[in-house]
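# Summary of structural features
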Amino acid sequence: MKFFKRTSFEPSAWASFVPVLFLIVTLVVIIIRYGADAVSSMSQMILLSAAALALIISYTFYPRRFLSIKTGLRKSASQILPALPILLLIATMSATWMLGGIVPSLIYYGLSFLEPGTFLMLTCAVCSIISVLTGSSWTTCATIGVAFMGIGTVMGFSPGWVAGAVISGAYFGDKVSPLSDTTVLAASTSGVKMFDHIRYLMTTTIPAMGIALIVFLAKGLLTTDIAVTQETELMGALSATFNIAPWLMLAPVITCLLIVLRVNVLLTLGLSTILGLCGLFFTQFHIVPAILGVTSVDTAMCVEAAIRLLCVGTSIETHNALLNDLVATGGIEGMLGTIYLILSAMVFGGVMLGTGMLGAITRNTLRGLRRRRSIVPATIGTGFFMNCCSGDQYLSIIVTSNLYKNLYKQNGLPPKLLGRSLEDSISVTSVLIPWNSCGMTQSTVLGVPTLVYLPYCFFNYLCPLISLAMVLGGHRILGAIVNRTR
């Protein structure tokens, strides 16, 4: 057992890789055996099993380090637990916006004005604009993203393509918006002024988004099996089931305005939920009895209907099978699986951090860096690895920045290069990892498994690839520093 150094206070890199290897191998086996859809239902067990394995190794071979696990769990919890109330309010907002007629109105007008050939490209572009204005990928996906999912499904596009367009656009703003938490965090931890950081991000962001938009446009123009008849039938079913009204568009406008004004996110989502309830009781009151399965309601039953809509899964009969699926809501109950998964990821990340295994892996990575030109690829790899292990992009940015900040300084590399590497490897890739809080949230909100939409999130994986390509080519990354040292 030479890989497990019992006399050392810190775990060896070999020992530290065991839980991570177990996690990866188990996921691969499940995907091969049961398919990608099974990952979401089995990820909790896998993460907790990997955490238990890390605990056993630490207790057996590094008992002194075992005492630090509480600190690691506390750090992990401090980053992840604040997201749970946000998730619950996103669930209530999604439910009320659906049956309050807001999302159905967005779908109806979208089907009226959007053309199938340009739909995917416009979906990505509009989500980009909304996310830049709001600084929130989560809110973008939960509002306009849900509407685009409904429109795209009716037009005949696969859910993976539509979700990929929504996520590509939403995470464009998450990466470059001055209102985004991750943008602010990456700039501050790397020691760069905000707008200097954003300008430097454009060297990888603009090419990645440009390529993504071209791919989405090409897919739309080349898709010939558009369901025109189905689209007409759905628009008829929407107008028959809901009172479609332009003024219902005030809800997403007000929500975006509140976010731009930096109103507390919990208050913003709470008010958005109230707007959805207002839409239900003032414009869609005929749906209230259907929620409860009765023919008429009184005041007390209205309260019961509101509570039911917010808390549990709700469906209504629209006499259109596709629309039945589109307007079905999950409420808080539908978000619980995601929350359990996030808590499992929090435990795994906290254990890896507390036992010192995460630190051992990254320190051994740093020891192998002998050339300046290898530092950026190592940063990108470490950032993505942290996303996988910690399950949270904020914690990943903080840890990776602290690991590499001095190394960049010692090698004369600009801090803005570190900031961009953090964004390219962490901010945009978190949504691609099934057990990361972003991946789990968007999968639940959009109703598409992470591994199904992953191949179509072109912007998200083009950013790190372009960043790596620029490093290997020496273009505007290491500049004269690299050229002089070659």
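Values in this document were obtained by computation on a predicted structure and should not be read as measured data.

## Comments concerning helix α9 (residues 159-176)
Relative to the 26 Å expected for 18 residues at 1.5 Å per residue, α9 spans 26 Å between its end C-alpha atoms, a close match to the ideal helical length. With respect to burial, α9 is a largely interior element, 17 of its 18 residues being buried.

## As for a nonpolar patch on the surface
There is a patch of nonpolar side chains on the surface, built from Leu21, Val25 and Val29 and spanning about 270 Å² of accessible area. With respect to the element layout, valine 29 can be found in helix α1 (residues 13-34). Judged by relative accessible area, valine 29 falls into the partly exposed class, the value being 48%.

## Here's the deal with the environment of leucine 55
Looking at the element boundaries, leucine 55 is found in helix α2 (residues 38-61). Residues leucine 55 and isoleucine 69 lie 14 residues apart in sequence; the distance between their C-alpha atoms is 8.7 Å.

## Focus: the packing of α9 against helix α25 (residues 458-473)
Contact geometry for α9 and α25: axes closest at 7 Å, N-to-C directions at 50°. If you check the angle between α9 and α25, you find them oblique. Contact residues: α9 offers Trp161, Ile167, Ser168, Tyr171, Phe172 and Lys175, while α25 offers Phe458, Phe459, Asn460 and Cys463. Its residues assigned to classes, the contact of α9 with α25 comprises seven nonpolar, two polar and one charged.

## Thoughts on the nonpolar core
Core analysis: the biggest nonpolar cluster contains 122 residues, and Leu99, Leu111 and Phe119 have the highest contact counts within it. Excluding residues within four positions of it along the chain, leucine 99 makes contact with Phe242, Leu280, Gln284, Ile287, Ile291, Leu309, Thr314, Ile316, Val327 and Thr329. In terms of nonpolar packing, the next biggest core, distinct from the first, is built from 17 residues, Ile397, Tyr404, Leu418 and Ile426 among them.

## Let's talk about helix α10 (residues 181-190)
Most of α10 sits inside the fold, with seven of its ten residues counted as buried. Thr182, Thr183, Leu185, Ala186, Ala187, Thr189 and Ser190 are the residues of α10 that are buried. Where α10 is buried, its residues touch α9, α11 (194-222), α21 (393-410) and α22 (415-427). Just beyond α10, the residue with positive phi is glycine 191, at close to 75°.

## Thoughts on the pattern of salt bridges
If you walk through the whole model with that rule in mind, you get two salt bridges. Across the salt bridge formed by arginine 199 and aspartate 196, the nearest N and O atoms sit 2.3 Å from each other. Residue arginine 199 and its partner aspartate 196 are located together in helix α11, separated by three residues, close to a single helical turn. For arginine 199, a relative accessible area of 55% puts it in the exposed group. By relative accessible area, which is 31% here, aspartate 196 ends up partly exposed.

Procedures and definitions
- Residues numbered from 1 in each chain as written.
- Predicted model: local features only at pLDDT ≥ 70, side-chain atom pairs only at ≥ 80, totals over all residues.
- Heavy atoms only, no water.
- Helix = DSSP H or I, 4+ residues; strand = E, 2+ residues; numbered from the N terminus.
- Expected span 1.5 Å × (residues − 1).
- Buried < 20%, exposed > 50% of the residue type's maximum accessible area, 1.4 Å probe, protein only.
- Patch = residues over 30% accessible without salt bridge, like charges linked within 9 Å, V, L, I, M, F, W, Y side chains within 5 Å.
- Areas by Shrake-Rupley, 256 points an atom, 1.4 Å probe, with all protein chains shown as cover.
- Salt bridge = Lys/Arg side-chain N within 4 Å of Asp/Glu carboxyl O.
- Axes fitted to C-alpha atoms, helices over the stretch in contact; angles between N-to-C directions.
- Parallel < 35°, antiparallel > 145°, perpendicular 65-115°, else oblique.
- Contact = heavy atoms within 4.5 Å.
- Nonpolar A, V, L, I, M, F, W, Y, C, P; charged D, E, K, R; others polar.
- Core = buried A, V, L, I, M, F, W, Y, C linked by side-chain atoms within 4.5 Å.

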